[in-house]
Amino acid sequence: MLRDLTEYAVMNLRRRSLRSWLTILGIVIGVLAIVTMIAIAEGLDMYIRSQLSIFSEDAITVVPGNIKDQLYGSLFGTVAKLTENDMDAIARLPGVDKIGATLEGRADITYHGQVMSTYAIGMDPVLFNEIYSYELDSGRWLRDNERGSAIVGYSLANDVFDEKIQVGRRVQVGNRSFNVVGITKKSGGGIMAVADSVIYLSREDGRQVIPEFTGKNDLTEIHLKVAEGTKPGTVEEEINSELMRLHKVKEDKKDFSVMTAAYMGEQIGNITGALRLFLGGIAAISLLVGSIGIANTMFMSILERTKEIGIMKAVGATNKMIMQIFLIESGVIGLVGGFLGLIISYAVSMLISELGIPSRIKAEVMIGALVFSFFVGVIAGYIPAKNAAKMPAVEALRFE
Amino acid sequence: MANDEGKTGGAAGKKRIAHEWNTITLKGVKKSYQEGMFRALDGVSVSVKKEEFLVIRGRSGSGKSTLMHIMGCLDQPSEGEVYIDEIKTSDMDDDELARLRRKKMGFVFQAFNLIPTLDALHNVAMPMMFEGIGKSEREERAAELLESVGIGSKIRSYPNELSGGEKQRVAIARALANDPDIILADEPTGNLDSVSAKQVLEVFDEFHHKHGKTIVVVTHEEYVAEMAERTLYMKDGKISQYSELKAKVK
């Protein structure tokens, strides 16, 4: 029976093909807008995560300031600081395997008489070797306790100075001369591209040549790796309570943030989730307009077919059958619109990816869009279909 | 198909004699419209015998179409009771009435009321679709019915490609689709020329006599009434006059 009613409903849509297609177009645009917007948000999420994949699961980063305040709109820079005392305290906590810290700031580099202001990072070699998976283009990483050596970012080495910096050359940072022992691999652009323009020194050397750290015991970030078999979450809690004790602050006034891979993932998820909701919400308006189009078409169609409804009732169609016919019609409009919208979204998504905007359509979004557009059709058609079903047979037959 | 029991058609020549039991019974039926402002039926009590050919006559606005709609369970009375084969239908809901119509009734209208986007075959097959009969079976039966009303060559024609008489024969075939006991026709010849009208009436006559269908025809045409076994006249929502059954009830 349902198959017969579906056949009949599809035939009805076909016989008013222009109107059916225009209504379907409304849904196509709605679905296209939603799926594309979600694809962009998903693509962004994927992109940021891939960029941050250098943070391994067992790594923890401690930074000054409350990152939540910074993420959610505080325009004021933090005055909070991390110190070497903090690092020593964390190093003593159980479950901490390796620990290192960075000092990050601007410094002047001189090479063959050219002076450039660039970003210098003084860091414990353990960070390269044990915690993060940076790759080198040539040369080697700094060794433990090695002084007077530098690793140069790919762009800084190749694009900044008239003459390329190569392994074995000497560069001057601040007032000291360093031996270049390695060049980093090109990062491939994106938010990590900044790493290409950085010069890496040992932490001790960094403190001497980066002006803002000279003569202080401040640190920019503390990085650590948890011991095998220890949960990063447990260590995270211990660091939190230890630093709150040292800084004499309570949970709600925390002047530092402890970031695990899970925490970062969660924060990224929050941001891209909000973005997805925002973009999807805007796009949903177009689907709403499309669904009003369906309702309008169905009302029109029912008005035109009042007599036909009367005939069907006279020859024995129940109210439920009439309702099914019209709901199938509106559902099919939604489904076809959803399907076409999806195909076009896929093409658009490929196109914008080509243009450099990351986008990704997940399988669940595809299935969701189809199911959703079908239900949009059914819901939009519900009231018209109910009106049709409740129409008294005699009155419908009399309709001219 | 009608029950063979009680037929006396053979002995009485061509005429068939209705059964003595009632297939449609109306008791004190009133029907008002516009919140009682207009009364279309005003206390009608009438019975239609099984296998009877009944004609309802009357002027426009006399209530004859309303009477047919209530007999055919297309409409419910405002007051009074309706029974189809001893089953009270006046308190049934829409869907129960729809199922009853599908099995028991076939309708033929003055304006044909074919679905313009379906060809003759699919118009006739539609009531069988609602009955849940499979596609091949219903199309086969629809073709047979169209053949039996004399337009077997036009099964793929759409209503706009058919003449008035042909349309009405498609409508009759549709009315017979689920092999109902009762055919109700509202001015079936009203839109037809005399030749077509004659052909359509012959089809009614045949299904009445050969297949024992109960036929109720609303008309104001004298020659249609002549075919009937009984005629009742409507005036101002009441039955004003009966004619006797032409053949004696057994």
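What this report covers is the structure whose coordinates are included nearby. (Residues numbered from 1 in each chain as written. Chains lettered and ligands numbered in written order. Predicted model: local features only at pLDDT ≥ 70, side-chain atom pairs only at ≥ 80, totals over all residues.)

## A look at the overall build of chain A
Quick reminder of the rule: Strands are runs of DSSP state E lasting at least 2 residues, helices are runs of H or I lasting at least 4, and numbering of each runs from the N terminus. Neighbour counting defines burial: a residue surrounded by 20 or more other C-beta atoms within 10 Å of its own C-beta is buried, one with 12 or fewer is exposed, and intermediate counts give partly exposed, using backbone-placed C-beta atoms. A pair of residues counts as a contact when their C-beta atoms, built from backbone coordinates, are separated by no more than 7 Å.
Across its full length, chain A carries 13 helices and twelve strands. Residue burial in chain A is summarised as follows: out of 400 residues, 42% are buried. By sequence separation, contacts in chain A at least 24 residues apart represent 82% of the contacts at least 6 residues apart.

## Thoughts on the overall build of chain B
Each helix and strand in chain B was counted, giving seven helices and ten strands. Every one of the 250 residues in chain B was classed for burial, and the buried ones make up 50%. Residue pairs at least 24 apart in sequence account for 71% of intrachain contacts in chain B once pairs closer than 6 positions are excluded.

## Let's talk about the interface of chain A and chain B
Short version of the rule: Just so you know the grouping, Ala, Val, Leu, Ile, Met, Phe, Trp, Tyr, Cys and Pro go in nonpolar, Asp, Glu, Lys and Arg go in charged, and all remaining residues, Gly too, go in polar.
The interface of chain A with chain B comprises 17 residues on the first partner and 21 residues on the second. Among the elements of the structure, helix H1 (2-15), helix H10 (306-314), helix H11 (319-354) and helix H13 (393-398) of chain A are those that each provide at least two residues to the side of chain A that touches chain B. Sort the elements by how many residues they give to the side of chain A that touches chain B and H10 of chain A lands first, with four residues. Classifying every residue of the side of chain A that touches chain B by side-chain character gives nine nonpolar, three polar and five charged.

## Quick look at the sheet that holds strand S9 (residues 230-235) of chain B
All names here are of chain B. Under the convention used in this document: Note: two strands are recorded as paired if DSSP finds a minimum of 2 bridges between them. Working convention: axes come from line fits to C-alpha atoms, limited for helices to the stretch in contact. Angles between N-to-C directions cover 0 to 180 degrees.
Strand order in this open sheet of six strands is S6-S7-S8-S3-S9-S10, and the pairing throughout is mixed. Whereas interior strands pair on both sides, the edge strands pair on one side only; in this sheet they are strand S6 (105-109) and strand S10 (238-242). In this sheet, neighbouring strand axes are inclined to one another by 20° on average, regardless of whether the strands run parallel or antiparallel. Alignment of strand S3 (residues 53-58) against S9, held across five bridges, turns out to be parallel. Paired with Leu-54 across the bridge in S9 is Arg-230.

## Brief notes about the packing of helix H3 (residues 120-131) of chain B against helix H4 (residues 135-148) of chain B
Residue and element names in this part refer to chain B. Put simply, the test is: Angle categories are assigned with fixed cut-offs, so that under 35 degrees is roughly parallel, over 145 is roughly antiparallel, 65 to 115 is roughly perpendicular, and the rest are oblique. By the definition used in this description, the sense in which the near helix is turned from the far one sets the handedness, with an anticlockwise turn below a right angle giving left-handed and a clockwise turn giving right-handed.
Here H3 crosses H4 at 125°, and the two axes come no closer than 8 Å. Comparing the axis directions of H3 and H4 gives the class oblique. As H3 packs across H4, the resulting crossing turns out to be right-handed. Residues Ala-120, Leu-121, Val-124, Ala-125, Met-128 and Met-129 of H3 touch H4, and the partners they reach there are Arg-138, Glu-139, Arg-141, Ala-142, Ala-143, Leu-145 and Leu-146. The residue inventory of the contact of H3 with H4, partitioned by class, reads ten nonpolar, no polar and three charged.

## Topic: unusual backbone geometry
Even without a glycine there, the phi angle at Asp-85 of chain B is positive, about 50°. Mapping Asp-85 of chain B onto the fold places it in the loop between strand S4 (79-84) and strand S5 (87-88).

## Some details on the pairing of strand S12 (residues 256-260) of chain A
Residues and elements named next belong to chain A. Along S12, four of the five residues are buried, which leaves the element largely enclosed by surrounding structure. Where strand S1 (residues 59-64) meets S12, five bridges bridge the pair, whose relative direction is antiparallel. Paired with Thr-61 across the bridge in S12 is Met-259.

## A word on the nonpolar core
Operational definition: Think of a nonpolar core as buried Ala, Val, Leu, Ile, Met, Phe, Trp, Tyr and Cys residues, each tied to the set through C-beta atoms within 7 Å.
By size, the foremost hydrophobic cluster in this structure holds 127 residues, and its most contacted members are Val-35 and Ile-322 of chain A together with Val-124, Leu-146 and Val-216 of chain B. Residue contributions to this core peak at 16 residues, all from helix H2 (residues 17-51) of chain A. Ignoring anything within four residues of it in the chain, the contact list for Leu-146 of chain B reads Ala-120, Leu-121, Val-124, Ile-151, Gly-152, Ile-155, Val-170 and Ala-173 of chain B. In this structure, Tyr-111, Val-181, Ile-222 and Val-235 of chain A belong to the second largest nonpolar core, which totals 48 residues.

## A word on the sheet that holds S5 of chain B
All names here are of chain B. With respect to topology, four strands assemble into an open sheet ordered S2-S1-S4-S5, the strand pairing being antiparallel. Strands at the two margins of the open sheet, each flanked by one partner only, are strand S2 (38-49) and S5. Here strand S1 (residues 22-33) pairs with S4 via five bridges, running antiparallel. If you follow Lys-27 over to S4, its bridge partner there is Glu-81.

## Remarks on helix H2 (residues 94-104) of chain B
Restricting attention to buried positions, one finds in H2 of chain B the residues Leu-97, Ala-98, Arg-101, Arg-102 and Lys-104 of chain B. Elements that come into contact with the buried residues of H2 of chain B comprise H10 of chain A together with S4, S6, H3 and strand S7 (182-186) of chain B.

## Some thoughts on the packing of helix H9 (residues 261-304) of chain A against helix H12 (residues 363-390) of chain A
All names here are of chain A. It is at 8 Å that the axes of H9 and H12 come closest, and there the two elements cross at 25°. With respect to their mutual orientation, H9 and H12 come out roughly parallel. Our pair here, H9 against H12, has a crossing hand that is right-handed. Facing Leu-287, Ser-291, Ile-294, Ala-295, Met-298, Phe-299 and Ile-302 of H9, the residues of H12 in contact are Val-376, Gly-377, Ala-380, Gly-381, Ile-383, Pro-384, Ala-385, Asn-387 and Ala-388. Partitioning the contact of H9 with H12 into residue classes produces twelve nonpolar, four polar and no charged.

## Structural notes on the environment of Leu-103 of chain A
Residues and elements named next belong to chain A. Along the chain, Leu-103 falls in strand S3 (residues 96-111). Sequence spacing of Leu-103 and Arg-203 is 100 residues, and the spatial spacing of their C-alpha atoms is 6.7 Å. Discounting chain neighbours no more than four positions away, the residues touching Leu-103 are Gly-122, Arg-203, Gly-206, Arg-207, Ile-210, Phe-213, Leu-219 and Thr-220.

## Considering the pairing of S1 of chain A
All names here are of chain A. Most of S1 sits inside the fold, with six of its six residues counted as buried. Both S1 and strand S11 (residues 221-226) contribute to a ladder of four bridges, which runs antiparallel. Paired with Thr-61 across the two strands is His-223, which belongs to S11.

Function-wise, these values are silent; they only describe arrangement.
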